Every structure is written in structure tokens, then in C-alpha cells.
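This is what each chain is made of:
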Amino acid sequence: MTTKREISNEPEILELESFLPYRLYRLADAVSREFSRIYKDRHGLTRPEWRTLAGLGQHGTMTATALGEQSAMHKTKVSRAVAELERRRWLTRVPDESDRRLEHLTLTKAGLAAYREMVPLAKAFELELLTRLSTEERAAVVSGVAALEGALGEDRPPNR
């Protein structure tokens, strides 16, 4: 079926509001902003600081490169987040014995305590978000996201 626009040689227009990548970006940003209120109010953390704390809390020791891959953050954001968490004494850096350019990052007791305090809050946030949906909608969201991740090769765990 030919549209009037194609016949008239007018340039095709992309309706951003219905473009799936844009909708996913906006949705992810809205969810992230809503969740950020919790860790910002609780600990004054930025998004990169929270992602760094969460990555180290989940995986234990990681390099900054692995953190960036795991959290999809640019290395400068990771670097700033690491510096701030180190300033708070929430993480330590240990140079790699075989490659001095690498540092292994680990949460301190204080950092681990902050992470452990945030885990139930994060899980409660996720549950509250999902309870806004019907059972069928929840299943569709979970399977749809997994399908998109698989199609884009984003379902692989990052290297540590």
C-alpha cells in the first residue's frame, strides 16, 4: 500500500513518540529517575555511584572496566563514582600485581553496609513497580525484555 507521502516525494518523518528505541529509552529513564529518589534520599548517591555500589555489592571485587561494562557506563562516569565512593571510604582500590594499570575495587564494611541497606529497598521498588501491572502484563514485560536482550546479545554476563 502506497501512502500519500510516498507519492508526493515528501521526506519520510519519524514519529519519535512511537519509535520503540525512543520509548524504551524514555521508560528506562523514568524508572531510573523514580528509583534514584530512594538512593539519593537515603545516601545522597548519584546514578553512577549507585550503579558502582550495586555492581561491587553483587560481584565483590571488580575492575573499573568490568564495572563500566556491567553498568553500561562510560569510563569517566565510573572513575568519578569510584573516586566519590573512595572519598566516603565505601570502597578500596588494590593495584593488580601483574598489571599496575589495573585496580581491583572492593567495598569496605561501610560500603557493604550501605549496599545491604539498599538491597531490600531496591527489591521493594521493583515489586511495587511490577504490581502496577496485571499478571499477564508482568509476564509480557519480563519475557519481552529478555527477548530484546537476547536479540541484541545483551543477555551475556559481563567479564569481571
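Refer to the structure above for everything that follows.
Residues numbered from 1 in each chain as written. Predicted model: local features only at pLDDT ≥ 70, side-chain atom pairs only at ≥ 80, totals over all residues. Heavy atoms only, no water.

Draft legend 1. Examining the pattern of salt bridges more closely. The full count for this structure, using the stated rule, is ten salt bridges. Residues D29 and R47 are paired through a salt bridge, measuring 3.1 Å at the closest nitrogen-oxygen approach. Of this pair, D29 sits in helix α2 (residues 20–43) while R47 sits in helix α3 (residues 47–59), placing them 18 residues apart in sequence. Residues E86 and R93 are paired through a salt bridge, measuring 2.9 Å at the closest nitrogen-oxygen approach. Given the relative accessible area of 30%, R93 is considered partly exposed. (Salt bridge = Lys/Arg side-chain N within 4 Å of Asp/Glu carboxyl O. Helix = DSSP H or I, 4+ residues; strand = E, 2+ residues; numbered from the N terminus. Buried < 20%, exposed > 50% of the residue type's maximum accessible area, 1.4 Å probe, protein only.)

Draft legend 2. Structural detail: the packing of α3 against helix α4 (residues 64–71). Two elements in contact, α3 and α4, have axes separated by 10 Å at closest approach and are oriented at 105°. Put simply, α3 runs roughly perpendicular to α4. Mapping the contact onto sequence places R51, T52, G55, L56, Q58 and H59 in α3 and L67, Q70 and S71 in α4. Its residues assigned to classes, the contact of α3 with α4 shows two nonpolar, six polar and one charged. (Axes fitted to C-alpha atoms, helices over the stretch in contact; angles between N-to-C directions. Parallel < 35°, antiparallel > 145°, perpendicular 65-115°, else oblique. Contact = heavy atoms within 4.5 Å. Nonpolar A, V, L, I, M, F, W, Y, C, P; charged D, E, K, R; others polar.)

Draft legend 3. Region of interest: a nonpolar patch on the surface. Together, L14, L16 and F19 line one region of the surface with nonpolar side chains, adding up to about 260 Å² of accessible area. Position of L14 among the secondary structure elements: in the loop between α1 (4–8) and α2. For L14, a relative accessible area of 53% puts it in the exposed group. (Patch = residues over 30% accessible without salt bridge, like charges linked within 9 Å, V, L, I, M, F, W, Y side chains within 5 Å. Areas by Shrake-Rupley, 256 points an atom, 1.4 Å probe, with all protein chains shown as cover.)

Draft legend 4. Representation of helix α7 (residues 135–151) in the model. Compared with the 24 Å implied by 1.5 Å per residue over 17 residues, the 24 Å span of α7 between its first and last C-alpha is a close match. Immediately downstream of α7, the backbone of G153 shows phi near 70°, a positive value. (Expected span 1.5 Å × (residues − 1).)

Draft legend 5. Just unusual backbone geometry, in detail. A positive phi angle, near 55°, is found at A72, a position not held by glycine. In this structure, A72 sits in the loop between α4 and α5 (75–87). Classification of A72 by relative accessible area gives exposed; the value is 70%. Positive phi is not limited to glycine here, since R89 has a value of about 65°.

Draft legend 6. How the structure looks around the side chain of D96. Turning to its location among the elements, D96 is positioned in the loop between β1 (91–95) and β2 (103–107). The buried charged residue D96 lacks any salt bridge partner; its closest oppositely charged side chain belongs to R100, at an N-O distance of 7.3 Å. In terms of polar contacts, D96 uses its side chain to reach the backbone amide nitrogen of D99, at 2.9 Å. Aside from chain neighbours lying at most four places away, what touches D96 is L102, E103 and H104. (Lys, Arg positive; Asp, Glu negative; His and termini not counted. Polar contact = N/O pair within 3.5 Å; in protein donor to acceptor, adjacent residues only side chain to side chain.)

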